[in-house]
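Descriptive structure summary
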Amino acid sequence: MEALYHQTNKQIQEVQSYMGNLEKSDRQSVHLLENELQARTDQIFNHLERLEILASKEPPNRRQNAKLRVDQLKYDVQHLRTALQNFQHRRYAREAQDREREELMSRTFTTNDADTSIPIDETLQLNSNLHNAHRGMDDILGSGSGILNGIRDQRSTLKGTHKKMLDVANMLGLSNTVMRFIERRATQDKLIMIGGMLLTCVFMFLVIRYLG
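Residues numbered from 1 in each chain as written. Predicted model: local features only at pLDDT ≥ 70, side-chain atom pairs only at ≥ 80, totals over all residues. Heavy atoms only, no water.

Under the annotation held in an unreviewed UniProt entry, the protein carries the name Golgi SNAP receptor complex member 2 and is attributed to Cottoperca gobio. Here the protein is described in UniProt, under the heading Function (unreviewed entry), as follows: "Involved in transport of proteins from the cis/medial-Golgi to the trans-Golgi network." Quoted verbatim from the Sequence similarities (unreviewed entry) heading of the UniProt record, the comment on the protein is "Belongs to the GOSR2 family." (UniProt positions renumbered as here; feature names shortened; annotations may be inferred.)

Shown next, in the form of structure tokens:
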């Protein structure tokens, strides 16, 4: 577990260093860097799933500490994923604004006032539609992220519940064994007591018969 933990922690630090280069990257390289960061983040999540399994198999005196370390890594990588998504949203918005500005600047207007008002209205409507679409995409991405986090939390809860059920089952199995042992010992003690009483009665009978 230690080797995988240090490897995952190193990958998180590398992603953090790459995140600082996003704002400095040009349009041609930013897409490649985003894809690289997304792939690294997905790989880290796969390692975290493996670490959770290994942490649950640690000895009882080390299990809680191992789980806390894995939870800290999970928090760090979730923070990085959120930062990457926020950067992508801002970049999409900037690129849309640049396209709208270029389309507006490339339009040719006539000297007729009536004709001039039509393309302006169309541009304003297009701009409004684009902003609405961006807001809708942000809402969808936010909802999807919330659902994904909820599923991960439910999976962790189910894993914890399953572990507790196994612990309770093991405890019940031990308790049943102890109870059966106690019942068998009580039966043996009762037989020994009855045998002792019978032997005492026989001994007293013989003493009275032959000495009387």
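Side chains that differ in charge, positive against negative, can pair when their charged atoms come close. Summed over the entire model, instances satisfying the criterion amount to nine salt bridges. Glu2 serves as the salt-bridge partner of Arg69, at 2.9 Å between the closest nitrogen and oxygen. One end of the pair, Arg69, is in helix H3 (residues 60-106); the other, Glu2, is in helix H1 (residues 2-19), and 67 residues separate them in sequence. Relative accessible area serves as the criterion here: at 23%, Arg69 is assigned to the partly exposed category. (Salt bridge = Lys/Arg side-chain N within 4 Å of Asp/Glu carboxyl O. Helix = DSSP H or I, 4+ residues; strand = E, 2+ residues; numbered from the N terminus. Buried < 20%, exposed > 50% of the residue type's maximum accessible area, 1.4 Å probe, protein only.)

Quick look at the side chain of Glu52 now. One can find Glu52 in helix H2 (residues 27-56). Classification of Glu52 by relative accessible area gives buried; the value is 18%. Residues within four places of Glu52 in sequence aside, it is in contact with Val70, Lys74, Ser156 and Lys159. (Contact = heavy atoms within 4.5 Å.)

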